[in-house]
Amino acid sequence: AFVLKGDPAVKFMPKAVEIFEGDLCSPEDCEKFFAVEPGVQTVCIHCASMVTINPTYSEKLIAVNVGGTENMLNAAKNHPECKKFVYVSSTGAIPELPKGESIHEVYSFVPYDDDRVVGWYSRSKAMATQKVLDAYGGKWTRKVQAIVFATDFRPRLEALLSGGEVPDKNPLDF
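Residues numbered from 1 in each chain as written. Predicted model: local features only at pLDDT ≥ 70, side-chain atom pairs only at ≥ 80, totals over all residues. Heavy atoms only, no water.

Chemist: What is the right way to read the pattern of salt bridges from this model?
Modeler: Pairing between side chains of opposite charge can happen when the charged atoms of each approach one another. Per the stated rule, a full pass over the model turns up two salt bridges. Across the pair glutamate 70 and lysine 131 runs a salt bridge, and its minimum N-O distance is 3.5 Å. With glutamate 70 in helix α2 (residues 59-77) and lysine 131 in helix α3 (residues 120-136), this pair connects stretches of sequence that are 61 residues apart. (Salt bridge = Lys/Arg side-chain N within 4 Å of Asp/Glu carboxyl O. Helix = DSSP H or I, 4+ residues; strand = E, 2+ residues; numbered from the N terminus.)

Chemist: Just checking my understanding: could you explain the packing of helix α1 (residues 27-34) against α2 for this structure?
Modeler: Helix-helix packing: each pair is described by the crossing angle between the helix axes and the interaxial distance. The N-to-C vectors of α1 and α2 enclose an angle of 40°; their axes lie 9 Å apart at closest approach. Relative to α2, α1 is oriented oblique. For the pair α1 and α2, the sense of crossing is right-handed. Side by side, α1 and α2 meet where Pro27, Cys30, Glu31, Phe33 and Phe34 of the first sit next to Asn71, Met72, Ala75 and Ala76 of the second. The class makeup of the residues in the contact of α1 with α2 is seven nonpolar, one polar and one charged. (Axes fitted to C-alpha atoms, helices over the stretch in contact; angles between N-to-C directions. Parallel < 35°, antiparallel > 145°, perpendicular 65-115°, else oblique. Left-handed = near helix turned anticlockwise from the far one by under 90°. Contact = heavy atoms within 4.5 Å. Nonpolar A, V, L, I, M, F, W, Y, C, P; charged D, E, K, R; others polar.)

Chemist: Looking at this structure, how should I read the layout of surface pockets?
Modeler: If you add up the space inside the largest pocket, you get close to 990 Å³. Along its surface, the largest pocket is lined by 36 residues, and Ala1, Phe2, Val3, Phe20 and Phe33 are the ones closest to its centre. Mapped by element, the contributors of at least two residues to the lining of the largest pocket are β1 (2-4), β2 (20-22), α1, β3 (42-46) and α2. In terms of residue count, β3 provides more of the lining of the largest pocket than any other element does, five residues in total. (1 Å grid on protein atoms, 1.4 Å probe; cavity = no way out; pocket = protein on both sides within 12 Å on 5 of 7 lines; lining within 4 Å. Points joined across faces, edges and corners; volume = space filled by probe spheres on them.)

Put into structure tokens, the structure is as follows:
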């Protein structure tokens, strides 16, 4: 598990989990995180983000949520032993609709409508989600599967990690 140095939540990690302390904002730390012994295959589940209900712009929020995701994507692409990259997005990244209208699949997150993607947390997750889609385009490249989960991801994640195949459709279908 990639954890921020000094994170007190690390005490809740199972003992069997190898802890790597670093910073998502550091491309070098992300690169080191992906370095494994020859012959080892990995799956990256990128669910780290900075969360806030403060709707104002924050440089740190963008650096962590967007830049950190980009750093993880770049490092994963540099390591062919990383067979799957799973990104956990947020329902906040999905444009809000008028009351009573049903939300539908979203195929593109950027550019976003400021009136429909509300607050900078939501915007940062929309930008990061778009980076994942741009990196892999919902298509499988170099045998790396990219999936974006926005809601109800636990059953999909369990199926994926147990060897299930990723459906050949929009990964945002939820």
